[in-house]
Structure formats: structure tokens, C-alpha cells
Amino acid sequence: IDWSKVDATVVVSQHMKRRLLDVAAIPPLSLHVINYGVNLKRFHPSSRTFQYRIGMACRITPIKRVYEAVLCLFELRQQGYPFTLHLAGKLGDEQSPRYPLSLLSLVEKLGLTNEVFLYGHIDDIARWYHDLDIFLSNSYWEGQQNALLEAMASGCYCLSHCWGGAEEVLPQENIFVTDADLQARLLFYAALSSAEGQNAQAHMRAIAEAKFDERRMVREIIDRIEQVAGG
């Protein structure tokens with residue numbers, strides 16, 4: 001890319017800014033970070049009773065590590081914890097046809113056909129979040145993952161693998177590295193009292209309100225366009 005012909009460049013996180021600067025032989029002259037934003041009226045909290053429901057919303061491809069999430073679910077159920085996994089999104093794509101077949105086979109082999117739910121595309125995704133207790137981002141690579149921000153705004157307790165930039169979205173205590181680490185954090189949340197769980201959910205919403213409001217994103221983009229247009 002000839003960045004001299006670009007007046008302003010926007011990336012979604014400090015991590016993506018660093019990556020761009022690492023790979024650009026001649027970096028952009030004007031580079032700005034503007035976080036994603038979500039509609040806080042559409043995605044809002046609701047009261048829920050904890051029922052061990054883990055959710056993921058994504059195109060189900062290798063980068064999302066859903067296969068590993070199923071293995072984690074199996075191990076937790078072997079220990080007597082009644083977690084279930086709820087998956088929203090298209091099953092695979094043309095580039096990775098083996099992955100969905102392997103995933104479905106794994107679910108069957110582990111006897112989890114009544115514990116792993118695949119919903120496909122969901123029109124009313126905002127309502128779907130209200131039927132979850134925990135939202136899991138298990139990817140090894142993300143930009144800023146819009147679904148994670150939506151889940152936070154919806155009052156889901158959120159956990160994320162340590163993909164680059166996750167620390168700009170969630171507190172460190174909500175970020176895991178290994179599968180054992182993920183299991184420990186799931187069990188920690190499951191053991192909270194009702195009041196403690198509600199406080200944790202409210203904290204997720206508070207972060208979304210403070211950092212990922214769609215109106216803030218739009219305002220910042222408009223400001224940047226006006227600054228460029230004004231010279």
C-alpha cells in the first residue's frame with residue numbers, strides 16, 4: 001500500500017496499530033485507534049438464573065477453536081459440572097470443510113449431542129445472548145471481536161483466550177492461556193453467589209458502556225473525517 005496517498009488510517013486497537021507498524025515498510029503518516037462500538041440499546045442486560053450455559057457466536061472455523069471448547073466441556077462434565085455449550089453461527093466455510101465434520105464427529109464420539117447446541121445463523125442475536133451465562137472467545141486471532149463486545153453489553157460474563165488485543169477489551173482476570181486455566185475460571189464463576197455473579201455481569205456491561213459505545217465510535221470517525229477534510 002502506498003500510504004502517502006492515504007490521508008488517515010484507522011485501526012480498531014493498539015495491538016493492531018503495532019502490527020501494522022511492524023509490517024509496513026513505510027508506515028501511514030496519520031494512524032489512529034478507534035475501538036469498535038455496539039448499540040447499547042439493542043444489546044442490554046437482562047435478569048438470568050445461572051444454568052451453566054456457555055455461548056460462542058462466530059463462524060465455526062479453526063481460528064475460533066470451537067473443537068477445543070468441546071473438549072473442555074467434556075472434561076468439565078466428566079468432573080460432574082453440568083455445563084452446556086451453545087454455538088451461534090454458520091458451520092464452517094468452503095476453505096475448511098473438514099473442520100465442521102470433525103467437530104460434529106467429536107460431539108458424537110464424546111456423547112455430547114444433548115449438551116452441544118448448534119443454532120446456525122440467528123436473526124435476533126441480542127435476545128440469544130440473554131439465554132447465556134458465560135460468553136467464550138476462544139480464538140487465537142481477532143481484530144476486536146464484535147460478538148464479544150455484544151455479549152459484554154448484554155450482561156454475559158465473558159472469558160477470552162489471550163489473542164492479541166484481548167487485554168484492551170477485558171480485565172486480566174477474564175483472560176486465560178491454557179485449557180486448564182479456562183476450566184479454573186469457569187468454575188470460579190460458577191461458584192459465585194447470585195449477588196456476586198450479578199456484580200460480575202454488571203462489570204461487563206460497565207466496560208461496554210465506558211469503552212465500546214457505538215455512538216462514541218461514530219462520533220470519533222466523523223471527527224476524524226472532518227479533521228482530514230479541513231486540512
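Before going into details, it helps to say that this report is about the structure given with it. (Residues numbered from 1 in each chain as written. Predicted model: local features only at pLDDT ≥ 70, side-chain atom pairs only at ≥ 80, totals over all residues. Heavy atoms only, no water.)

For the protein, the count of helices and strands is eight helices and eight strands. Scaling as 2.2 N^0.38, a compact globule of 231 residues should have a C-alpha radius of gyration of about 17 Å, and the protein matches this with 19 Å. Considered along the principal axes of its C-alpha atoms, the protein spans approximately 65 × 40 × 30 Å. Scored against the burial criterion, the 231 residues of the protein give a buried share of 48%. A separation threshold of at least 6 residues defines the contact pool for the protein, and within that pool the share at least 24 residues apart is 69%. Of the roughly 12100 Å² that the protein leaves accessible, carbon and sulfur atoms contribute 53%. (Helix = DSSP H or I, 4+ residues; strand = E, 2+ residues; numbered from the N terminus. Rg over C-alpha atoms; globule rule 2.2 N^0.38 Å. Buried < 20%, exposed > 50% of the residue type's maximum accessible area, 1.4 Å probe, protein only. Contact = heavy atoms within 4.5 Å. Areas by Shrake-Rupley, 256 points an atom, 1.4 Å probe, with all protein chains shown as cover.)

The subject of this paragraph is the packing of aromatic side chains. One pass over the structure, following the stated rule, counts eight aromatic pairs. Centre to centre, the rings of Phe 50 and Tyr 52 are 4.7 Å apart; their planes meet at 55°, and the pair counts as tilted. Taking relative accessible area as the criterion, Phe 50 reaches 28% and is therefore assigned partly exposed. (Phe/Tyr/Trp six-rings, centres within 6.5 Å; stacked < 30°, edge-to-face > 60°.)

This paragraph deals with the pairing of strand β7 (residues 157–161). Most of β7 sits inside the fold, with five of its five residues counted as buried. Of the two faces of β7, the one carrying Tyr 157, Leu 159 and His 161 and the one carrying Cys 158 and Ser 160 are both buried. One crossover worth recording links strand β6 (residues 134–137) to the parallel β7 by way of helix α5 (residues 146–153), and it is right-handed. Both β7 and strand β8 (residues 175–176) contribute to a ladder of two bridges, which runs parallel. Bridge pairing in β8 links His 161 to Phe 176. (Right-handed = clockwise from strand over helix to strand, strands pointing away. Pairing = 2+ DSSP bridges.)

Moving on, we come to the side chain of Asp 213. Inspection of the secondary structure puts Asp 213 in the loop between α7 (194–211) and α8 (214–229). Judged by its relative accessible area of 11%, Asp 213 falls in the buried class. Those residues in contact with Asp 213, other than ones at most four positions away along the chain, are Gly 37, Val 38, Leu 40 and Ala 208.

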